[in-house]
Amino acid sequence: MEFQIIFKTSRRCTIELLNKGIYFTEQPYDVYVNGEKALTSNKVVQTVNGLKPDTVYQIEVRMGEESAVLEMKTDYEYVTLDIRRFGAVGNGKHDDTVCIQAAINSCPEHGRVYLPEGVYKVSSLFLKSNITIDFAEGAVLSAFTDRDKFPILPGLIESYDETEEYNLGTWEGNPLEMFGSILTGIHVSNVVITGQGVMDGNASFENWWKGDGREKTGGAYRPRMIFLNHCENITVQGLTVQNSPAWNLHPYFSNNTRWIDMQVINPKVSPNTDGMDPESVDGLEVVGVSFSLGDDCIAIKSGKFYMGNKYKVRSKNIMIRQCYMRHGHGSVTLGSEIAAGVENMVVKDCIFEDTDRGLRIKTRRGRGNQAFINNILFENIKMNGVLTPFVINSYYWCCDPDGHSEYVRTKEPLPVDKRTPFIGSLTFRNIEARNCHVAGSFIYGLPEAKIEDVTFENVYVDFAENPTPEYPAMMADVEPCTRKGIYINNVKNLTMRNVTVKGAEGEAMEILNTDRISR
């Protein structure tokens, strides 16, 4: 057997077993540290806690008759700043924001800000470069819901010479004012947020989720749990993040971020509580994260027309693996705010359960000709109870007034211009989707800009015995249905190898307006 160490600090390390299952291992295994048993696990990605700084350890994994050993050395740590020594109380009542912020601001390079067990009430905390924030088991960062306690980040601030702008706040792809998030990073680098604790936004329909969840709330748009604006080299590991007012994790124009061995939890009915929304990022790794929430689990974005066309920062070089995604509208979604495009993305070795859609792309006319999606791979994925496993929708109508316009909704070919989005190469390989309800796939490109290449290889789809009728995609002129097979429209090159659809009503595969089909 094999495993690798994918993350380490001065106090812990995270291992990933290779070829032993998808999210869960084939059987339980034990982890030994210097010959002593540390834990038993059934997860492919698992963290070992309780280590000491600057120390060499032997990490051994034993599964049945198999075993493997790696040697590693924990990181150097200069000093630990315990937030209790800065006045934090942790009784779930006292406002500990200033005390924790003082510890963060005082922390030197290679230092550690430590949150011991306790419930720490906070509004917005702001990160600082070159530090580690470490949550003990039982440490809870519990957010206030009183809007008056949160700072507002302006959307755009004009430069003194009126030639440039400074963007702080954002909402659904536009530069709009927003409340500061629970943990906010602005132009910081080399930060680790780690531990066994909890970040709780305490959002509910009594506070942040009032209305449809999309409106301004008390002067600005709702905060996220973790917001990273123009940050570099940030790792978040181990935490449970829950009950967010809006999107949970939002790296924004931020590069080389890692999200490892976490839980992201919101009620299924909570509005607009995406698990993660990487927006205009380069270098993103999501490994061993469990999502269960009220909107898309992961939604890759790159801004609406203004931000996408002004800055032209594409989301690219993205790896998502060994994740478990439940409930929500989509498991992994691209769009719809992708005016700068998405490229070079791999999603593999994941489990999707009971989401509305599995692998989902949503765009529309008006996103612009920079909105190019290309070189996307979905591989080795198991789905169960997903209503429609594969959705590529070039007519997505939600969220903006133009979504229902004749320009967006018409199925007639229109002139290709600067408003026209494009979809390039998409590959779906080694995927099993059981107990679907609505459609095996629903793929609909634009007639004037057909999807370039779609490949289905080693794909199995079957349907639930008593399917629930639903819309296969959020686009005009589509009716609710059940047991629709593989539906594909407006694709240039389609490859179908070893594709099985069982239990569909009507045609198992309906392929329209496709230039070339390979089997």
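The following refers to the structure shown. The structure displayed is predicted, hence computed values, not measured ones. (Residues numbered from 1 in each chain as written. Predicted model: local features only at pLDDT ≥ 70, side-chain atom pairs only at ≥ 80, totals over all residues. Heavy atoms only, no water.)

### A word on the nonpolar core
Soluble globular proteins tend to pack their nonpolar side chains together in the buried interior.
Phase 1 of the analysis: Formed by 97 residues in total, the largest nonpolar core has its most connected members in Leu141, Ile320, Met345, Phe378 and Phe456.
Phase 2 of the analysis: Ranked by the residues each element gives to this core, the list is headed by strand β42 (residues 484-502), at 7 residues.
Phase 3 of the analysis: With residues near it in sequence (within four places) discarded, Met345 still touches Ile300, Ile318, Ile320, Val332, Leu334, Asn375, Ile376, Leu377 and Phe378. (Core = buried A, V, L, I, M, F, W, Y, C linked by side-chain atoms within 4.5 Å. Buried < 20%, exposed > 50% of the residue type's maximum accessible area, 1.4 Å probe, protein only. Helix = DSSP H or I, 4+ residues; strand = E, 2+ residues; numbered from the N terminus. Contact = heavy atoms within 4.5 Å.)

### Topic: the sheet that holds strand β1 (residues 2-8)
Backbone hydrogen bonds hold the strands of a sheet together, and the pairing may be parallel or antiparallel.
Phase 1 of the analysis: Pairing is antiparallel across the open sheet formed by 3 strands, whose spatial order is β1-β2-β5. A single partner strand is all that each edge strand has here, and the edge strands are β1 and β5 (45-48). Geometrically, the sheet is characterised by an average inter-axis angle of 30 degrees between neighbouring strands, direction not taken into account.
Phase 2 of the analysis: The pairing of β1 with strand β2 (residues 13-18) spans 6 bridges and is antiparallel. Along β2, the bridge assignment pairs Phe7 with Thr14. (Pairing = 2+ DSSP bridges. Axes fitted to C-alpha atoms, helices over the stretch in contact; angles between N-to-C directions.)

### So, the sheet that holds strand β4 (residues 36-43)
Phase 1 of the analysis: With respect to topology, 4 strands assemble into an open sheet ordered β4-β3-β6-β7, the strand pairing being antiparallel. Looking at the sheet topology across the chains shown, the edges are occupied by β4 and β7 (66-73). With direction set aside, neighbouring strand axes in the sheet form an average angle of 25 degrees.
Phase 2 of the analysis: Pairing geometry for strand β6 (residues 56-63) and β7, over 8 bridges, is antiparallel. Of the residues in β7, the one forming a bridge with Met63 is Glu66.

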